[in-house]
Amino acid sequence: MKLKGKIALVTGSAQGIGHGCALALAEEGASLILNDRPGSTELAGVVEAFRSEGHDCVGIEADVFDDAGREGLVADALEACGRIDILVSNPAYSRREAFLDYSLKDLRATLEGTLISGFHVSQLVARHMVERGGGGKIIYISSVHARLPFARSAPYGAAKAGLDHLARSVAVELIDHRINVNAIEPGWIDTPGERKAFDEATIQEEAKKMPWGRMGTPQDIGRTAAFLASDDADYITGSVVVVDGGFRWKDMRATVLASEKDS
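Since the model is a prediction, treat every value here as computed from it, not as a measurement.

K.L.:
Describe the overall build of the protein chain, and please don't skip the residues or the numbers.
P.N.:
Along the backbone of the protein chain there are 9 helices and 7 strands. Here the C-alpha atoms of the protein chain give a radius of gyration of 19 Å, agreeing with the 18 Å that 2.2 N^0.38 yields for 263 residues. For the protein chain, the C-alpha atoms occupy an extent of roughly 70 × 45 × 40 Å along the three principal directions. The buried share among the 263 residues of the protein chain stands at 48%.

K.L.:
A description of the environment of Tyr 156 should follow, citing residues and the corresponding values.
P.N.:
When you line up the elements, Tyr 156 lands in helix α5 (residues 154-174). Taking C-alpha positions, Tyr 156 is 9.2 Å from Leu 115, a pair spaced 41 residues apart along the chain. Each residue touching Tyr 156, except ones within four places of it in the same chain, is listed here: Ala 92, Tyr 93, Ser 94, Thr 110, Thr 114, Ser 143 and His 145.

K.L.:
Give me the packing of helix α1 (residues 16-27) against helix α8 (residues 218-229): which residues, what numbers.
P.N.:
One way to put it is that α1 packs onto α8 with a least axis distance of 7 Å and a crossing angle of 50°. Here α8 runs oblique to α1, going by the angle between their axes. The chirality of how α1 crosses α8 is right-handed. Contact residues: α1 offers Gly 16, Ile 17, Gly 20, Cys 21, Ala 24 and Leu 25, while α8 offers Pro 218, Gln 219, Ile 221, Gly 222, Arg 223, Ala 225, Ala 226 and Ala 229.

K.L.:
Lay out the side chain of Ser 117 with the relevant residues and their values.
P.N.:
Residue placement: Ser 117 occurs in helix α4 (residues 104-132). A distance of 2.7 Å separates a polar side-chain atom of Ser 117 from the backbone oxygen of Val 64. Apart from the residues within four sequence positions on either side, Ser 117 is in contact with Val 64, Phe 65, Arg 70, Pro 91 and Glu 112.

K.L.:
Any details on the pairing of strand β2 (residues 31-36)? Residues and values, ideally.
P.N.:
The buried fraction of β2 is high, at 6 of 6 residues. Burial along β2 is two-sided: Ser 31, Ile 33 and Asn 35 and Leu 32, Leu 34 and Asp 36, pointing in opposite directions, are all buried. Pairing geometry for strand β1 (residues 7-10) and β2, over 4 bridges, is parallel. Bridge pairing in β2 places Ala 8 opposite Leu 32. Handedness of the β-α-β unit built from β1, α1 and β2 comes out right-handed. Relative to strand β3 (residues 57-61), β2 runs parallel, the two sharing 5 bridges. Bridge pairing links Ile 33 to Val 58 in β3. After leaving β2, the chain enters helix α2 (residues 43-52) and then returns to the sheet as β3, a path that is right-handed.

K.L.:
Please give an account of the nonpolar core that cites residues and values.
P.N.:
Note that soluble globular proteins tend to have their nonpolar side chains buried in a common cluster. Formed by 31 residues in total, the largest nonpolar core has its most connected members in Leu 25, Leu 32 and Leu 34. Only β1, α1, β2, α2, β4 (86-89), β5 (136-141) and α8 provide two or more residues apiece to this core. Membership of the second largest hydrophobic core comes to 28 residues, among which are Val 121, Leu 124, Met 129 and Val 181.

K.L.:
Tell me what's going on with the layout of surface pockets, and back it up with residues and numbers.
P.N.:
In this structure, the largest pocket spans a volume of roughly 1400 Å³. If you go around the largest pocket, you meet 43 residues; those closest to its centre are Ala 92, Tyr 156, Thr 191, Gly 193 and Glu 194. Only α1, β2, α5 and α6 (192-197) provide two or more residues apiece to the lining of the largest pocket. Its residues placed into classes, the lining of the largest pocket shows 19 nonpolar, 15 polar and 9 charged.

K.L.:
Quick rundown of the sheet that holds β1? Include the residues and the values.
P.N.:
A sheet is described by the order of its strands in space; here 7 strands give the open sequence β3-β2-β1-β4-β5-β6-β7, paired in parallel fashion. Of all the strands in the sheet, just β3 and β7 (240-243) have a single pairing partner and so form its edges. For this sheet, the mean angle separating the axes of adjacent strands, direction not counted, is 20°. Along the sheet face, α4 touches β1, β4, β5 and β6 (179-186) and points at about 175° away from the line of β5. Packing of α5 onto the sheet brings it into contact with β5, β6 and β7, and relative to β6 it is tilted by some 165°.

Reading guide: rules and limits
- Residues numbered from 1 in each chain as written.
- Predicted model: local features only at pLDDT ≥ 70, side-chain atom pairs only at ≥ 80, totals over all residues.
- Heavy atoms only, no water.
- Helix = DSSP H or I, 4+ residues; strand = E, 2+ residues; numbered from the N terminus.
- Rg over C-alpha atoms; globule rule 2.2 N^0.38 Å.
- Buried < 20%, exposed > 50% of the residue type's maximum accessible area, 1.4 Å probe, protein only.
- Contact = heavy atoms within 4.5 Å.
- Axes fitted to C-alpha atoms, helices over the stretch in contact; angles between N-to-C directions.
- Parallel < 35°, antiparallel > 145°, perpendicular 65-115°, else oblique.
- Left-handed = near helix turned anticlockwise from the far one by under 90°.
- Polar contact = N/O pair within 3.5 Å; in protein donor to acceptor, adjacent residues only side chain to side chain.
- Pairing = 2+ DSSP bridges.
- Right-handed = clockwise from strand over helix to strand, strands pointing away.
- Core = buried A, V, L, I, M, F, W, Y, C linked by side-chain atoms within 4.5 Å.
- 1 Å grid on protein atoms, 1.4 Å probe; cavity = no way out; pocket = protein on both sides within 12 Å on 5 of 7 lines; lining within 4 Å.
- Points joined across faces, edges and corners; volume = space filled by probe spheres on them.
- Nonpolar A, V, L, I, M, F, W, Y, C, P; charged D, E, K, R; others polar.

Below, the structure is given as structure tokens:
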């Protein structure tokens, strides 16, 4: 219960990585402000499930891809709970398409939904943290796309790379306020979004190729977020933590053991 007495806002927390982060924070004792898009069919069920497990939480529908939506979310969160001690900033928009064919409309949507949304939500929460004093924790959910140049994902990778740099820059500016700012780079995580992009057979086949023999889970990311949100990470700021089960290195392993090669 390392987060008992803390209040955490997690954007996009009705499913996937956001849900994994929210659950991990709740299990460490934090009170949760859960967020999902307006008209979400999942948010109410997630709030009910959290409460049935004894976790303190509220749900707020808001569109974090929109200026007014982000402002409304933070205002409603503060009205409901009085303060925010922890922010897990988890907005992202991705459309896979070849660079030569990528539309400016989708480029702007990717930058807005991934980088600008992360900037604005964290700015609004940071202003509150600075005003009330006492420090705080800001955690951005980035991606290994920030450092790996995947085909058909140039805008998303660029946005996530920008998010990593944003985390470091914001950390520098908020040091004097004792606000820890860090980012997490998930690898290939088994989420509803991935299952929309890839069929079950592809997921299972690719999982076998992973060093751990499985895809990452939202819980893997959640446990890292809970650590960064705790006092155990008090001396960590401006860092980008990769949580990918060795995904970056999976194609760099020797495929033939030396003993087999020599035999």
